[in-house]
Protein chains: 2
Amino acid sequence: MQKYVYMFTEGNATMRELLGGKGANLSEMINLGLPVPGGFTVTTEACTRYYEDGEEIASEIKEEIRDSVALLEKETGKTFGDPANPLLVSVRSGARASMPGMMDTVLNLGLNDEVVDGLTELFDNRRFALDSYRRFIMMFSDVVMEIDKANFEKVFDAAKEAKGIELDTDLTAEDLEKIVAEYKVIYKEQAGEDFPTDPFEQLILSVTAVFRSWNNDRAIYYRRMNNIPAEWGTAVNVQEMVYGNMDDTCGTGVAFTRDPATGENILYGEYLMNAQGEDVVAGVRTPEPISHLEDQSKELYDQFEEIGEILEKHYGDMQDLEFTIERGKLFILQTRSGKRTAQAALRIAVEMVEEGLVSKEKALMTIDPTQLNTLLHPQFDQEKLAAAEPIAKGLPASPGAATGAIVFTAQHASQEAEKGKSVILVRDETSAEDIEGMHAAEGILTVRGGMTSHAAVVARGMGTCCVAGCGAVSIDEEAGTMTIAGVTYKEGEQISLDGSTGFVYAGKIDTVKAEITDHMKTIMDWVDEIRVLKVRTNADSAEDSQTAIDLGAEGIGLTRTEHMFFAADRILPFRRMIVADTEEERRAALDQILPVQQADFEGIFEVMVGKPVTIRLLDPPLHEFLPTEDEEIEELANDLGISVADLKVKMHSLEEINPMLGHRGCRLAISYPEIAEMQTAAIIGAALAKTTDAEPIVPEIMIPLVGDVKEFEFLQEVIRKTADKLIAESGKELEYHVGTMIEIPRAALTSGKIALEADFFSYGTNDLTQMSYGLSRDDAGKILDTYIHRGIYDSDPTAHLDIEGVGRLMTMSSTEGRKAKPEISLGICGEHGGDPGAVEFCHSLNFDYVSCSPYRVPIAKLAAAQAQIKNPR
Amino acid sequence: MQKYVYMFTEGNATMRELLGGKGANLSEMINLGLPVPGGFTVTTEACTRYYEDGEEIASEIKEEIRDSVALLEKETGKTFGDPANPLLVSVRSGARASMPGMMDTVLNLGLNDEVVDGLTELFDNRRFALDSYRRFIMMFSDVVMEIDKANFEKVFDAAKEAKGIELDTDLTAEDLEKIVAEYKVIYKEQAGEDFPTDPFEQLILSVTAVFRSWNNDRAIYYRRMNNIPAEWGTAVNVQEMVYGNMDDTCGTGVAFTRDPATGENILYGEYLMNAQGEDVVAGVRTPEPISHLEDQSKELYDQFEEIGEILEKHYGDMQDLEFTIERGKLFILQTRSGKRTAQAALRIAVEMVEEGLVSKEKALMTIDPTQLNTLLHPQFDQEKLAAAEPIAKGLPASPGAATGAIVFTAQHASQEAEKGKSVILVRDETSAEDIEGMHAAEGILTVRGGMTSHAAVVARGMGTCCVAGCGAVSIDEEAGTMTIAGVTYKEGEQISLDGSTGFVYAGKIDTVKAEITDHMKTIMDWVDEIRVLKVRTNADSAEDSQTAIDLGAEGIGLTRTEHMFFAADRILPFRRMIVADTEEERRAALDQILPVQQADFEGIFEVMVGKPVTIRLLDPPLHEFLPTEDEEIEELANDLGISVADLKVKMHSLEEINPMLGHRGCRLAISYPEIAEMQTAAIIGAALAKTTDAEPIVPEIMIPLVGDVKEFEFLQEVIRKTADKLIAESGKELEYHVGTMIEIPRAALTSGKIALEADFFSYGTNDLTQMSYGLSRDDAGKILDTYIHRGIYDSDPTAHLDIEGVGRLMTMSSTEGRKAKPEISLGICGEHGGDPGAVEFCHSLNFDYVSCSPYRVPIAKLAAAQAQIKNPR
């Protein structure tokens, strides 16, 4: 029979898939002899089973849970529901991947009126017993019964206000007695029944709630953002309670073995005395820095530091610990790899290698490639910044610079961001409900909460700039204003945040490119030593090319030749070309375009000298370039010497029902070979102008949207005829390649044939994904929302490569292409080229390179090194 | 070394791919000892090589041709260019598949001034020598040098007019002398050089011209229509001339071994004395029926009849022969399987089996499945026809009935047909240039030409109704009128043609369904005995279902549930459903739709009792159903009680950039599961109402546009929940299946997984083709024209299944689907389901059935039988 529940003593760190990260690490710490309260884990398979069984926990699993409770009772000597020596437990979710703030927790489970009385007696502390009880009722009501927390908070805040106190800890046992009584009334009103008194019933309801919460909207959204499959499910950890809320000899805290913002090798964290876990991260009370603990109890601090060192060495990575002090005794409640800023990740990796703790390879594996984004994003222009006066200072919770319009709600942030506006989300504090809005914002400013508050943790994970706990700010959400030092700022006004210093500025401050730090350089040197997959960039101009080179690009995998034409001084001849009625008219327009295009290519070749440059022939449907405003249409008609009506007829004739599946890509040049001739002339002309014997330029001409080898053959002939003539006329030597995008399913299905003709394949996974799924990215928004909501897709396939379907086409195509022509060059140039999962996949297919946007180059390089470490070629 | 030229004595009928049909059959006839002039064949591989070499004949091939000429000189005792005993040859194309009228021919090659003198002397007949010369100059100029024939015809016609004669044969040697002189002047003017006098030069230029003509527009168009690959290339046959144009003891003709219109077992054909081959088929002079030859020379007639019998028996099929009589001696110049009407094809097949000449299997292989179309198309309503007075009578050249507006040019026919109008193309005579227009026309009426004229042959091949040689008609193309017996009919006026009787009628005559003949029944009985692949139909109504049953359908493979809603009385609730803002509103609209939909399904189940019926859930994008006219929009807004502006906002929100890749198919029901619930309720409700113990109904519910197994799982649960509840409530037993279309590449790529969940797969090759090619059928028109023109596509992949690419997906999918679930049912329901090539492919993949439109059912059945004969399962 399948086993659905494991005692902590039965598990270990390798059982992450089954026990979840939290459960596996609790077991591992027990194996290491660390002070961890006992307990057991209900497995992720139980969660999967729960959904298979129509959202019910099977009776056999319930029995296993009951048996495990009995074992825990034996282990602790305490008994569930026994007032004389009650076993209380925490119930916490723990998925395979860390999902902070997403899943729900219940503490102090096992309490009822009788047990509260027993607890009072046992510890001679009624206040503590009642404080635990009110927490339990509220958490249970919120998480299990979905009763709005606000109901309870209102009561609690009213009690504090009535007494004129600020701190929860100032409430007396009598106060809490009344609060508990009121809580029970609220529960009955809302749930329609009395608060459950049977601890086992409480437990089963709580486990169910954790399983259920795996599919709440926030969890689904988080999974979508982080590409976590819905199948994984979550485990549930049931652990003996230890109490940080008995009195001032108790406390609770969170700490990192290194500074998660900078990576500095110091113990870093916060704690609160007389508190339970949620108080620290909720940001309601501002906690003490962990260094203060040393003053308070050197022994405890030293013990904690030692445990941190043991765990860091054991796991070979910086750890994030939760701990509780119960009457002077330290307990570790959780350890996991600590989330960190990209900057910290690099420093930690470099220093841990220097400290001899880990190998380069192991160190590189601790860095999340996508996180490098943060380091690559612009910072404030230092001159502009020097001129700016900060209006407030908060905690530097997540580094980076952000500038944008003030918004006060997450929803509003999403709305404005959808319109393409940059916004700064300003909140008293954030909660899981705000995640979408936080994701949409350029930066986040909170009034309350510390470095480990919800806002800070989430923003660091997202790589979004965040200034937290900025108490100088006071928000009037209703009026749509905030006030700082008497000055009022309205919603929509510009402010700027520096997430690395904590300063807040009024107005917009220009940003500049990120600088590459020494740690980054060291890491990138290691990356370059290890990886075998080359990384090119997608760049359409000399400027983009330079940015990419600075970021380590090894060539260009995709230059789009159409983006150049949107410039005001170029669009007119291009439009003339589009609406030409005859080949003659078209050639006349193309003649005007040729020198402009050639000049662009010359600029790119200059920057990319000695490196491969792939240039794609004109790709988008021509009507995309036509004017839409009446004024522009009139202008174009005048220029062409035809009537607006005639022009509109012409424009109408170019309209398509499904432009994505219409007259575009190589189809354009097959209809009008003179376009391919002009573009070839521009590419070859530019290469001839810039090539030297010392550093020869080898342009790669790429034909888009090929679905049949004959399309390729037809255009290759046009291209080679034009190119060879120009080269012969120049008297120079020039090597060039002609290859194709593989972006149509049929091209992937017939790659063996196409490879015989083509010098290279570049996988255009944007289109390949859209056509394989029959789903247009332009129209997919609402559909994907529904699909992810219903658990049909785990992630957006246009953002994360679908290995199963699209990847299968790539596997077939690359295998058959290489078989037909072993020397064929293989690369990828879709958006997925910078997606670590796709990079790993391309590595496994023995691709020569991936190509991505300039800022993604370091990410792709790191991912390529990690792929080589995991799966050496 | 590869051999590019074969003497006729070296070949045989099995070498069709290499020698082309004509060459292989000439060789075969020589092997049979029949009277065939000697010669040789330049192979199809030489043609392919010609294109590979950049449209040049390689010198090694020229050498082989020269060697073969020498062999032919030896064989005939005649010498190229020798005035004393000159060898003259014909040069004719001969592809693997017969392409009548498409390729070009040069006769009398080898003539020059000296040879003409020699020929005159040899036969003591200057008229004949000059007649041959003028023909040669004109054909060579036209075919090889692309000089417009009209230049020569003008001279020729002027000469006849000057002498007041009608027949070419009335021109004297002196007349011809002048004509030849003028022809040579025209040649020099147009070609810029003298007419070439070297016979070998003439020959190489002619062979080149034949190769070149393989890629002329007409050939490409013909290949497109007939799905012939461009790779095949054409062979060239060089054959000793025999002369039908010496005097009245000479002649030339064409004949079929059976009547190609009716299939009757009589020798059928036409001949002209004192003429060369082109005169008969060109329709310039009206030839004699072959029966008259018996009166003229019983011996020759008997010999010819005997040869016909030998060849028919030898090939096991009705033959189409070309012959020439040279001074009383019979020569056979060509034999091939004769083109025939569908009606004739059936009769010939049945009678040849009855005569013991061939087996049923062999007989079935002689019928082109697509040709059955003719028999299945409507005929005139006999009552209406009885009331109609014919205005003229021509030859019944191609059977069937047609009614439409008069047009006088092929181009106009194409234009009007594109607008959806039915047209009758009226011409003096047709030529290869008219093919597109002929294809577009419902019927063809010609003034000149016989049963084997261009118009007649081509129309029969196309299955288009044709009345030929209707001399009563006189056309004034400039005025846009025709006159019959003093009555003038304008372009655009309606006329009707009966291709089976030759009668022409003024006005429109209603047509009725075709009746199934006894021959058809016999053939279909044999087909049903032999084939293993089932044939279902695509039908959306009880009426269509009945038509399909009458035509032999074995069930329904696809009922589209949306077509039902375009009816005026149903569209309103459907639109209400579409624009509903809430689930509640949507459910209210769906409740109105349910009984209507259920009633439709009941009608279909009644007709299809005992047969499988597959019903597809709602598929098209919802905005397709919304009104476009302002009036209708207002009406809908009124009905919904909202403003027109609000409705337009709603409608706008449903618009998509690429609707084909947007919110449609299963995505609709995943967004709004209540739609799937309603449709399931309607299907199951109808099945429960109509099922009986004796003839149980087993509905098959089909989910469209699935790309991931989870989409299927989600909807299967919705469907089964609804269905099981209804069945349980009814107290009846009902089996039903839930399956999916495979129409998205990703579905084909992940079929192993989907098969575990689905009861059946139905390949939606329309969408699968469009997505595999990245080409929308709606936008493909101009693109396909260009592609076919440039030789990139051989045929329209939306009309003929692309076995290489789309077929590969089908192969992967069906193999992996069957592996995962051996009992899964496999079928096809795209337009390709009635395409014989696709049917054969589905047979080879062990599909259970194909499904096609009702009129295509017999075609698919015959194709299925032929597939089984070729490749028995």
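Above this text sits the structure in question.
Residues numbered from 1 in each chain as written. Chains lettered and ligands numbered in written order. Predicted model: local features only at pLDDT ≥ 70, side-chain atom pairs only at ≥ 80, totals over all residues. Heavy atoms only, no water.

## Description of the environment of H314(A)
All names here are of chain A.
Then, number 1: Relative to the helices and strands, H314 resides in helix 12 (residues 298–315).
Then, number 2: The class of H314 is partly exposed, set by a relative accessible area of 36%.
Then, number 3: Along the primary structure H314 and E28 are separated by 286 residues, whereas in three dimensions their C-alpha atoms are 9.9 Å apart.
Then, number 4: Not counting residues up to four positions away in its chain, the partners in contact with H314 are E28 and L32. (Helix = DSSP H or I, 4+ residues; strand = E, 2+ residues; numbered from the N terminus. Buried < 20%, exposed > 50% of the residue type's maximum accessible area, 1.4 Å probe, protein only. Contact = heavy atoms within 4.5 Å.)

## Description of helix 32 (residues 781–789) of chain A
Then, number 1: Listing the buried residues of helix 32 of chain A in full gives I783(A), L784(A), T786(A), Y787(A) and I788(A).
Then, number 2: Residue G791(A) follows helix 32 of chain A closely and has a positive phi angle near 75 degrees.

## Section: helix 35 (residues 857–870) of chain B
Residues and elements named next belong to chain B.
Then, number 1: Taking 1.5 Å of rise per residue, the 14 residues of helix 35 would be expected to cover 20 Å, and the 20 Å separating its terminal C-alpha atoms lies within 8% of that figure.
Then, number 2: Across the 14 residues that make up helix 35, a large majority, 12, are buried.
Then, number 3: Buried within helix 35 are the following residues: V857, P858, I859, A860, K861, L862, A863, A864, A865, Q866, A867 and Q868. (Expected span 1.5 Å × (residues − 1).)

## Some remarks on unusual backbone geometry
All names here are of chain B.
Then, number 1: Although it is not a glycine, D124 sits at a positive phi angle of roughly 55 degrees.
Then, number 2: Checked against the element boundaries, D124 lands in the loop between helix 4 (113–123) and helix 5 (126–143).
Then, number 3: With relative accessibility at 70%, the residue D124 sits in the exposed group.
Then, number 4: Phi at N274 is positive, roughly 50 degrees, even though this residue is not glycine.
Then, number 5: By the secondary structure assignment, N274 is in the loop between strand 7 (268–273) and helix 10 (278–282).

## Section: the interface of chain B and chain A
Then, number 1: Each partner contributes to the interface: chain B provides 49 residues, whereas chain A provides 49 residues.
Then, number 2: With both chains or domains summed, chain B and chain A bury close to 4,500 Å², and 53% of this area falls on carbon and sulfur atoms.
Then, number 3: Three residues, L661(B), K710(B) and R746(B), lead the burial of chain B against chain A; their summed loss comes to 14% of the area buried on that side.
Then, number 4: On inspection of chain B and its partner chain A, the count reaches 10 salt bridges.
Then, number 5: Across the pair D802(A) and R746(B) runs a salt bridge, and its minimum N-O distance is 2.7 Å.
Then, number 6: Viewed at the interface, chain A and chain B are joined by 32 residue pairs in polar contact (both at pLDDT 80 or more).
Then, number 7: Breaking the side of chain B that touches chain A down by element, the ones donating at least two residues are helix 26 (666–671), helix 28 (709–730), helix 29 (745–749), helix 31 (765–773), helix 32 (781–789) and helix 33 (806–820) of chain B.
Then, number 8: Residues belonging to the side of chain B that touches chain A are distributed by class as follows: 20 nonpolar, 12 polar and 17 charged. (Buried area = accessible area lost by both parts, 1.4 Å probe. Salt bridge = Lys/Arg side-chain N within 4 Å of Asp/Glu carboxyl O. Polar contact = N/O pair within 3.5 Å; in protein donor to acceptor, adjacent residues only side chain to side chain. Nonpolar A, V, L, I, M, F, W, Y, C, P; charged D, E, K, R; others polar.)

## Focus: the sheet that holds strand 20 (residues 487–490) of chain A
Pairing between the strands of a sheet is mediated by backbone hydrogen bonds and can be parallel or antiparallel.
Residues and elements named next belong to chain A.
Then, number 1: The antiparallel open sheet is built from 3 strands, whose spatial order is 18-19-20. The open sheet is flanked by strand 18 (473–476) and strand 20, the only strands paired with a single partner. Taken over all neighbouring pairs, the strand axes of this sheet differ in orientation by 25 degrees on average, direction set aside.
Then, number 2: Sheet topology places strand 19 (residues 481–484) next to strand 20; 4 bridges connect them, and they run antiparallel. Pairing of T481 across the sheet is with K490, part of strand 20. (Pairing = 2+ DSSP bridges. Axes fitted to C-alpha atoms, helices over the stretch in contact; angles between N-to-C directions.)

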